[in-house]
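What the coordinates show
If you want the building blocks of each chain, they are given just below.
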Amino acid sequence: MEKNKVFKKFQSFQELKIQKNSSKKDILEKIKKILKENSSKLNTYFTTENQKLLNIVLEDLFTEKEKAKFCFTLKENSIAEINTLDNIDVLKYLIHRYRYEIYPQKKIIDNYPPLVQIEPSSICNFRCVFCFETDKTFTNKKNGFMGTIKLDLFKNIIDQIEHNVEFVTLASRGEPLIAKEFDEMIKYTSGKFLNLKINTNASLLNEKKCHSILESNVKTLVFSADAADKKLYSELRVNGKLETTIKNIKMFNSIKEKHYKNNKIITRVSGVKFTSDQKFEDMEKLWGDLVDQVAFVDYNPWENNYEKEANNITESCSDLWRRMFIWWDGKINPCDVDYKSNLQIGNVNDLSITNSWNSDKYNDLRKKHLDKMRSHLTPCRSCVQI
C-alpha cells in the first residue's frame, strides 16, 4: 500500500506572511525585562505548578536546545501574539503556549485542555469544496446536526474554562456569525482569555458585529479566503463572493481605525491550499494591505472520512492532547474530522469540561491511538491527521 500523506495539525501553515513583526531576539529581550521587573512577584501571579512550568519554558527559550526533540521555541505567529501583550500576561501566555505545543508531543494531560474550541453554529452559508458541509447527510436538518448555540450554554462553558484555559477558538463545523446571539456571546468573553480567536468567512460581517468584536478583546480574527481571483474564489467557496469578503474586511478596518485605533487585534486571511491554481504571491498582493497576516494552511481531506477506506497511518492524533471541541448542542468531541460525533465523549450539560477531559472514555481513545489501533476507530481509520 502506498504510504499516506499525513496532515500535521500542529503548525499546519504551509505559508505565512506577517506584515510587521518583531524578531525573536527582541521578544526574548522583552521577556527578560518582564522577568526582572516581576521577579519578586511571580509566586503571587502563578501557582507552584505553573512556576515550575515557566522555568521549563524559559530554559528552552534561553538555552541552545532547539534541536532537542521536545524543545519549546517561538514561531512567527506566537511572536506576533506576544507583541500584543503587556507585562505578566506575556509570561502567562508562554505557559499556555507551551501546553498547546509541547503537551501533545509529550502526551501530557492535566486538568484542562490547552485549547477549547467552541462551536457557535454548525450551520454554514457556504459549501466550500474541501469542507464536510458538502455532505448532505450532515446538513439535512432532519438528521439533527444543524443548529446554533444558546447563550446560557455558551456562558456555562465560558464560566468553566475562565482562569483554566487561555486559548479559545470560536468556530468549528459552521459559520460562527450565523449564531443568533453572537454579539452577546462575544461580549461575555471580554477580558477573560489571553488568546481568543474567531474564524469567519466574513460574508455576514456588519457594523454591529464589527463593534462587538472590537469591543471584546478578541486576539485574532481569521478571515477564511482561499484565492485572489473572483472566479477561483467562487469555485472554491461555493455561494461566496470575493467582492463581498473584501468589502466587509474594509468595513471592519474602517471601524477599527475610526473607533478602536489602539486595539491590538490581529487580522489574518487564511486559505486552504487545495489546488495548484492558488498562488500565494497573488494572495499577498490582494490581501496584504487589508490584514496583518496572510496564510495558506495544508489541505486536510476530511470531507467524508466515514466512507473512505482505512489507511496505514498508525501515529497518534495530536488533537487528543491539544484541544477539545464543544458543539452548539453541548456535545464534547475530540476532533472536527469526526463531524458526526461517532467518538463523542459526553455532553457539557451532563459532565464538566475537566471531568470530560480526564474521563475514562477520553483516555481510552488516547490509549487506542498510542497502541496503534486507529484502524479500530471510525473515522480515525481513514483520517490522515496526526
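Scope of this entry: the structure provided in the associated data block. Residue indices begin from 1 for each chain and proceed along its sequence in written order. Given that this is a predicted model, residues contribute local features only at a pLDDT of at least 70 and side-chain atom pairs are listed and counted only at 80 or more, while totals for whole chains, interfaces and linings are drawn from all residues. Side-chain measures were taken over the full set of non-hydrogen atoms in the model, leaving aside hydrogen atoms and water.

Salt bridges are defined by distance alone: a side-chain nitrogen of Lys or Arg within 4 Å of a carboxyl oxygen of Asp or Glu. Under the definition given, this model contains 19 salt bridges. With its nearest N and O atoms 3.9 Å apart, the salt bridge here joins Lys-92 to Glu-166. Residue Lys-92 is found in helix 5 (residues 88-106), and its partner Glu-166 is found in the loop between helix 7 (151-161) and strand 3 (167-170); the two are separated by 74 residues along the sequence. In this structure Lys-92 comes out as partly exposed when scored by relative accessible area, which is 27%. Accessible area is worked out with a 1.4 Å probe on protein chains only. A residue is then buried under 20% of its type maximum, exposed over 50%, and partly exposed in between. Glu-166 gets classed as buried once you look at its relative accessible area, which sits at 6%. Lys-367 is paired through a salt bridge with Asp-371; the nearest N and O atoms lie 2.6 Å apart. Within this structure, Lys-75, Glu-81, Arg-97 and Glu-101 form a network of salt bridges that share partners. Elements are defined by DSSP. Helices are runs of H or I of four residues or more, strands are runs of E of two residues or more, and each kind is numbered from the N terminus.

Here we take up the sheet that holds strand 5 (residues 220-224). The pairing criterion is simple: DSSP has to find at least two bridges between the two strands. Taken in spatial order, the 10 strands make up an open sheet running 1-7-6-5-4-3-2-8-9-10, and their pairing is mixed. The sheet terminates laterally at strand 1 (13-18) and strand 10 (346-347), the two strands that pair on one side only. Across 5 bridges, the pairing between strand 1 and strand 7 (residues 293-298) is antiparallel. When the sheet's bridge partners are listed, Lys-17 is paired in strand 7 with Val-294. Residues are treated as being in contact if the distance between any of their heavy atoms lies within 4.5 Å. Each axis is a line fitted through C-alpha atoms, taken for helices only over the stretch in contact, and angles between the N-to-C directions span 0 to 180 degrees. Along the sheet, helix 12 (residues 280-287) makes contact with strand 1, strand 6 (266-273) and strand 7, crossing strand 7 at roughly 150 degrees.

A few words on the nonpolar core. In this structure, Ile-118, Ile-157, Ile-161, Ile-213, Phe-223, Phe-252 and Trp-287 are the most contacted members of the largest nonpolar core, which totals 83 residues. Ranked by the residues each element gives to this core, the list is headed by helix 7, at 6 residues. When residues no more than four places from it in sequence are discounted, the contact partners of Ile-161 are Val-116, Ile-118, Val-168, Phe-193 and Ile-353. Put simply, a nonpolar core is a bunch of buried Ala, Val, Leu, Ile, Met, Phe, Trp, Tyr and Cys residues held in one set by side-chain atoms that sit within 4.5 Å of each other. Leu-54, Leu-74, Ile-82 and Leu-115 belong to the second-largest nonpolar core, a separate cluster that totals 30 residues.

Right, let's get into the pairing of strand 5. Among the 5 residues in strand 5, 5 count as buried, and that is most of the element. Side chains Thr-220, Val-222 and Ser-224 project from strand 5 onto one buried face, and the interleaved Leu-221 and Phe-223 project onto a second face that is buried too. When strand 4 (residues 195-200) meets strand 5, the two strands line up parallel, connected through 4 bridges. The residue of strand 5 that forms the bridge with Lys-197 is Thr-220. Think of it like this: strands point away, you trace from the first strand over the helix to the second, and a clockwise trace means the crossover is right-handed. Once you follow strand 4 into helix 9 (residues 207-215) and on to strand 5, the crossover reads as right-handed.

In this section: helix 12. Every buried residue of helix 12 is accounted for by Phe-280, Met-283 and Trp-287. Seen end-on, helix 12 carries its buried residues on one side only, within an arc spanning 55 degrees. The exposed set on the far side of helix 12, more than 90 degrees from its buried face, consists of Glu-281 and Lys-285. Where helix 12 is buried, its residues touch strand 1, helix 11 (242-259), strand 6 and strand 7. Within this analysis, the arc is defined by the directions that extend from the helix axis to the C-beta atoms.

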